[in-house]
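Notes for the structure review
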Amino acid sequence: MIRKRLCVLKVIIPSIIILLIGLGSSFAQKVPTTEEVLGFKVGADYHLATYEQAVEYFKALEKASPRIKVFEMGKTEMGKTMIYAVITSEENMGKLDRYKEISKRLALAKGLTDEEARSLAAEGKAIVLIGAGMHAGECAPAQGHIQFAYDLVTSEDAQYRLIRENTILLLYFPNPDGMTMLADWYLPNLGTPYEVSGMPWLYNKYVGHDDNRDSYMNNLKEIQSITRIVNREWFPVILYDHHQTAPFPARIWIPPAAEPTNPNLHPLFIRGKSLIGCAMGYIFDREGKPGAISRFAFDFIYPGYEDSFCDYFNVISIMTETAHYRYATPHFYTLDEFPAAYRDFIVSVFYPSPWKGGWWRLKDGMEYANTASRGVLHTAAVYREMFLYDRYQMGRDTIAKFKKEPPYAWIIPQDQWDPPVAARMLDNLVFSGIEVYKAKESFVSGGITYPAGTWVIPMDQAFSRFVKAIFEEQVYPDLVKYPTLWQGIVRPQSFPGAYLPPYDMAGWTLPYQMGVKVLAANAPLEAKLESLTKVVPPGGRVEGGYAYLISSRTNNSFIAVNRILKKGGQVLWTQDSFSAGGKSYPAGTLVVPSGSVSSSFMESVAKELYLDIGATGSGVTAKTYKLKVPRIALYKSWIGNSDEGWTRWLFEKYEFPFTNIYDAEVRAGDLGKKYDVLVIPSSGTDAIVNGNRQGTIAPQYVGGITEAGVRNIKEFVEGGGTLVTLRQGCMFAIEKLGVPVKDALAGLQPTGRREEGGPSEPAKFACPGSLLRMEFNSKHPVAYGMPSEAPGMFYGGTAFDILSSFEGKGPVVVAKYPGGDLLMSGWLLGEKYLQNKAAAVDVPVGKGRVILLGFATQNRAQPHGTFKLLFNSLYYGAAQ
Ligand SMILES: [Zn+2]
C-alpha cells in the first residue's frame, strides 16, 4: 500500500513541478510519452521498438513541441527513409540556417580573421550529432534515443535547459534497416528456447558489422547520407556514435581511447576527445552510475570508422561502448562470471568505480547510453564558444601548416592505369568535403611537367589532414620500440616479441588500394587551377572497325562485358598478346565482333563507363576464349558474413548476375547443372561445414553444408566447375578438398585477444590489415589486366606453399609475394614467412579448378586495384 501511494505521489509531484516551471512551455503536459504512442514504455523488458516506431514517436513529439523538428536525410540500402530529429530551444529552432552558416564558416576557416571567428563563435551554437544503432545488434542506445528525445524536449531541469539553449542536437539512426530487422527477429522468439539467439543474417542489406568501416569510401547509402549532413550541411563540432558492448564487466567504455593514436590529428582534437570522455565519466560517478572504463581496447588509428573519419574534418568524434546482455532480455550477473582480474574490484584512474554485478536490463543500457549522450551535450553546452572557436583554429592551423611544410599538394595525373577508378577516388574526396582542382594549364613540380587537366589537391585547406591520412603510407608504431611511451597502458615486457595490434587495420593507403598514382608536391605549387564539383574521368570514345577492342586494365570493362553479354553480343578474351593497327595489345584484351552489337549501344557503353574502345580492321590473330554469362553461385550461410555481403554488393555494382546459395542447396548436390562458378567468401572451415550448432537457434538455421556438401563441391569441381575461395575460405579448399597446396602461415599467426592485454603468445607472424608488395602473372586469365607488380591488401588472409610433387605441373601461381621488402603500408611482423609464397593460385582439379585468392582482393569494396582477380575468376570459370 505504501508503495502504491508513493507511486501516486511520484506521478503527481513531477506534474506539479512541470506545471509550475513550464509557464513558458505550455505544451509540456501535452507531449506524449513513449507508452502513449508505442503502447509500451520504451526500454521495458522484452520490448524492442522498430525504426518505424521510433520515427512515429519523433513525429508525435514534433507535433506536440516546437523544440523538435524531423528532417529526412536519404534512403537506406533497403529503401527506408532515413530521418534525424533536430532538438534545441524554440528560439534556436527559428534560426537554424544562421547557426548552420556560422558552423560552416568556422569549420572551413578560410577567409576569416581570428576576430571574426571569435565573434562568430560567440554567436553560434554547438551543433552535435548523436547516432545510435549503427551496429543494430547493439540495440540499447537506439532504443535510448527514443526516450532521450522525450527527456530533452520536456525536461525543465537546469542541465537540460542549458543543453537546449547552447546546443543544436541532431539525433539520428545510422542503420534503420537493422533496427527493424532486429525487432522482427527477436520478438517472435520471445518465450521460446531461442529467445536470445543471434540473427542468422547480417543486420542490414549488405555488410553487417562493417557498416562503420566504410566512412572514407562512402560505398553505402547510409554512410553517404551521414557524410553529407556532417561535411556538407551541418558542420557539427561533435559527432558521437553509440556502440555496445563494454569490455566486461565494465558498464560503459568511454574515451580517452587506447593507443596508438593517429599522428595526423591536431593535438587540440586529441585533447578534445579526452576532455569530453572525462566529463562523461565525471557525470556517471556524480550520478552514482558505476562501471565506466577508459583507455584500453579501442583505438581510432583506422580512419574508416564514422567516428574516426570525422576526426580529420576537425569534428571531435567519439564513440562509447555500453554494456549489453542480449536484445531486451535481462540478465543477472554473479561474480563468478567476472574475469579473475576484476573480482577484487581494484580501483584505477580510468576505472574508479568498479561494477559489482547484479541485474542488467535493456533499461539500464539505455540509461547509461542516455547519460553518456547527456554528458556529451552538457560538455558541448558548457564549452560551446570554445569548441566553436577551436573548430576554426584547427582549420586555420591546418591551412597554415601545409603552407609551410610538405606535402604542399597532391598531384594526380589523368594518365592512370585505370582512369575511372582514379576519378572515383577523387570524386569521393569532393563528396567528403575536400577541395579538388584541375590544372587549367601545364605546370612544373619536382622537375616534372604536368599537362593541363592534371588533378591537384592543394593542402592549404581546413580538412586536408584527411587527405594526408588516407594518401600517405602508414607507419604503424612498433610497441617494442616505445616500451614506456604509452603511460604503462601496455607492457611489452610481459609479451616478449609482442606487438600492439590495432583494433582494426594498420595500413589503408587509398591510392595503393585503388591502384592510383598520386604524387606529393614537396615544394609550394604554382599552377592555375579550377575547382571541381564533380571529378569526371577522361575517356568515352569508340573507334569503329571489324571488332571492338576493350582494355582489361579498367574495372569498368567488366560492366561493359556484362552488358554486352546480357544483350546477346559476343565477347572474346585473348590468351596472348597481339597487334592490330600498329598497336600492341596484351593478353586479356576483350574483343567484341562489331556484327554482334549495335554501334549506338557500344557508344553508350563507352560514354557511361568512360572507356576508350579501340578497333581492329580484321580478326585478331591471338588465341581466344569465348566468354559467356557466368552462372555464379555465391555461398551464403546462416551465419551473417560481412565478406559475403561486400562480395554481393560488388557483384551488383559490376552487374554480374549471381545466385546466393545456402547450405541446403549445397547439401542437395548437382551443382554443376546450375552453376559454373561457386564463390566461397572468407569464412572458417568449421562455420562452413557445421554452421550453427543444434540448440543455439531455431532448427531451420542449424548446421552447415555437412560432409555431404563437401562431397558435392568436390564433385562439382571434378566435373568441370570452378570454385573460387576468398581469404580464410581458402582453408576450406585446403582442409576439405585436399588441393595440393599448404597454408604457409599455419601456426604462426597470433592467438588471444587484445582486450585481454595482447596476444597470449608471442606472434611469429602478424599482419593486421596492411598493404604488401605483390607480383602478378598477368599472362594468367585470373590476373589479366593487372600490372606486374602492385600493392595487395593482406587482411586476415593466408599464403600458400605448393606441394613439391606438384610444382611445375599442377597449381599455377597467379600472384606471389616477392623475395625482397614486402611492407608498403601498415605493419608486418615475420616478413620472411611470406617472402616467395603464393598469394593467389589456380589449382586444376579433375575437369575443373579451384582458384585460391588468399589475400583481400575485394575487402570492404576498397581495393579497386585487385578487384580484377575476383572478376576474372568468374569469367575464367565459364570461358570456353
Ligand atoms: Zn558497435
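Details of the structure are given in the entry above.
What this report covers is the structure whose coordinates are included nearby. (Residues numbered from 1 in each chain as written. Predicted model: local features only at pLDDT ≥ 70, side-chain atom pairs only at ≥ 80, totals over all residues. Heavy atoms only, no water.)

A cluster of nonpolar residues, Val 382, Tyr 383 and Met 386, forms a patch on the protein surface that exposes about 250 Å² of accessible area. Here Tyr 383 lies in the loop between helix H13 (362–382) and helix H14 (384–404). A residue is classified by how much of its surface remains accessible, and Tyr 383, at 32% relative accessible area, is partly exposed. (Patch = residues over 30% accessible without salt bridge, like charges linked within 9 Å, V, L, I, M, F, W, Y side chains within 5 Å. Areas by Shrake-Rupley, 256 points an atom, 1.4 Å probe, with all protein chains shown as cover. Salt bridge = Lys/Arg side-chain N within 4 Å of Asp/Glu carboxyl O. Helix = DSSP H or I, 4+ residues; strand = E, 2+ residues; numbered from the N terminus. Buried < 20%, exposed > 50% of the residue type's maximum accessible area, 1.4 Å probe, protein only.)

What follows is about the environment of Pro 420. Inspection of the secondary structure assignment puts Pro 420 in helix H15 (residues 419–432). Once the C-alpha coordinates of Pro 420 and Ala 815 are considered, the two residues, 395 residues apart in sequence, prove to be 24 Å apart. When neighbours within four sequence positions are excluded, Pro 420 is seen to be in contact with Pro 537, Thr 554, Asn 556, Leu 609 and Tyr 610. (Contact = heavy atoms within 4.5 Å.)

Take the sheet that holds strand E22 (residues 590–593) next. Pairing in this open sheet of five strands is antiparallel, and the strands run E23-E18-E22-E19-E24 from one edge to the other. Two strands close off the open sheet at either side, each with one partner strand: strand E23 (614–616) and strand E24 (624–627). Strand-to-strand twist of the sheet, defined as the mean angle between neighbouring strand axes without regard to direction, takes the value 35 degrees. Two elements, strand E19 (residues 571–574) and E24, share four bridges in a ladder whose sense is antiparallel. Bridge pairing in E24 places Val 571 opposite Leu 627. (Pairing = 2+ DSSP bridges. Axes fitted to C-alpha atoms, helices over the stretch in contact; angles between N-to-C directions.)

The zinc ion binds to the protein through His 135 (ND1), Glu 138 (OE), Glu 138 (OE) and His 243 (ND1); the donor distances cover 2.0 to 2.5 Å. Around the zinc ion, the four donor atoms are arranged such that angles at the metal cover 55 to 150 degrees; this shape is classified as irregular. All donors of the zinc ion belong to a single chain; written as a sequence motif, their spacing is H-x2-E-x104-H. With Glu 138 in the loop between strand E3 (126–132) and helix H7 (140–154) and His 243 in strand E5 (residues 238–243), this pair connects stretches of sequence that are 105 residues apart. (Donors = N, O, S within 2.8 Å, 3.2 Å for Na, K, Ca; no water. Tetrahedral: all angles 85-135°; square planar, octahedral: opposite > 155°, others 65-115°.)

Right, let's talk about the packing of aromatic side chains for a bit. Tallied over the full model, the rule gives 56 aromatic pairs. Grouping aromatic residues by their ring pairs yields a cluster made of Phe 558, Trp 573, Tyr 625, Phe 651, Tyr 654, Phe 656, Phe 658, Tyr 784, Phe 867, Phe 871, Tyr 875 and Tyr 876. Above the ring of Trp 417, the side-chain terminus of Arg 553 is found at 3.6 Å from the ring centroid. (Phe/Tyr/Trp six-rings, centres within 6.5 Å; stacked < 30°, edge-to-face > 60°. Lys NZ or Arg CZ within 6 Å of the ring centre and 35° of its normal.)

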